[in-house]
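Observations on the model geometry
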Amino acid sequence: MIPSRFLRSLLFPLGLSVLLIPAAKSETINPMPDGPTGGSFTVHDGRAPDEVSESTRLYLNGHLAATFRLDLAHADDTATIPLPLGRVDIPYTLCGTVTVMHDGHAETRNVSGEGVLHNPDGHYFEAVGSENFKDFFLMDETDLSAADHRNGASSRCVSSTS
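Quantities reported herein were computed from a predicted structural model and do not represent experimental measurements. (Residues numbered from 1 in each chain as written. Predicted model: local features only at pLDDT ≥ 70, side-chain atom pairs only at ≥ 80, totals over all residues. Heavy atoms only, no water.)

Applying the stated criterion across every chain, the model contains one aromatic pair. Plain terms: the ring middles of Phe 41 and Phe 125 are 5.7 Å apart, the flat faces sit at 90 degrees to each other, and that makes the pair edge-to-face. Within this pair, whereas Phe 41 is found in strand 4 (residues 37-46), its partner Phe 125 is found in strand 10 (residues 124-130), the two being separated by 84 residues in sequence. (Phe/Tyr/Trp six-rings, centres within 6.5 Å; stacked < 30°, edge-to-face > 60°. Helix = DSSP H or I, 4+ residues; strand = E, 2+ residues; numbered from the N terminus.)

Dropping the structure here:
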């Protein structure tokens, strides 16, 4: 297992452990078709130091599961996601926008990523960005095998031009 400190030096974590600013309430949506559930997992998203705002949608198996909204007044957001009974490997996609300060100017970028959660029941995942937000994914720092991700942007996120 790679020490958490080492991971933080390689990755630009969007999840900050700052409790000085009140957390926003995430919008949790029924992630799967109606039916029995079998546990849950938690996703935390936090504003990076140079980040002004963020709006991110989490999709599980193609269904919207939660929306995270961060700004200067809301540094982090957490959602507890119910799992459909019997599911052990669940594909996920993160889609959104992030506004960062770059050379003294606000710059808005599309961010996205995708992967698979393995046996996510009871896990605590952080939304993590690396390579200047070019890679965006979920990670459980205590169990790196709990999630796989594909490097780079997700082709599943459609950008609106209107």
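Let us keep going from here.
Sheet topology places strand 5 (residues 51-60) next to strand 8 (residues 89-102); nine bridges connect them, and they run antiparallel. Bridged to Leu 60 within strand 8 is Tyr 92. Bridging between strand 8 and strand 9 (residues 105-118) involves 14 bridges; their strand directions are antiparallel. By the bridge assignment for strand 9, Val 100 is matched with Glu 107. Once strand 8 ends, the chain turns through two residues before running back antiparallel as strand 9, passing Asp 103 with a positive phi of about 55 degrees. (Pairing = 2+ DSSP bridges.)

The next thing to look at is the state of the cysteines. Scanning the entire structure with this criterion turns up one disulfide. Residue pairing for Cys 95: its cysteine sulfur links by disulfide to Cys 157, the two sulfurs lying 1.8 Å apart. Looking down the S-S bond of the Cys 95 and Cys 157 bridge, the torsion is -80 degrees, so its handedness is left-handed. In this pair, Cys 95 sits in strand 8 while Cys 157 sits in the segment after strand 12 (147-150), placing the two residues 62 residues apart along the sequence. Accessibility assignment for this pair places Cys 95 and Cys 157 in one class, buried. (Disulfide = S-S within 2.5 Å. Buried < 20%, exposed > 50% of the residue type's maximum accessible area, 1.4 Å probe, protein only.)

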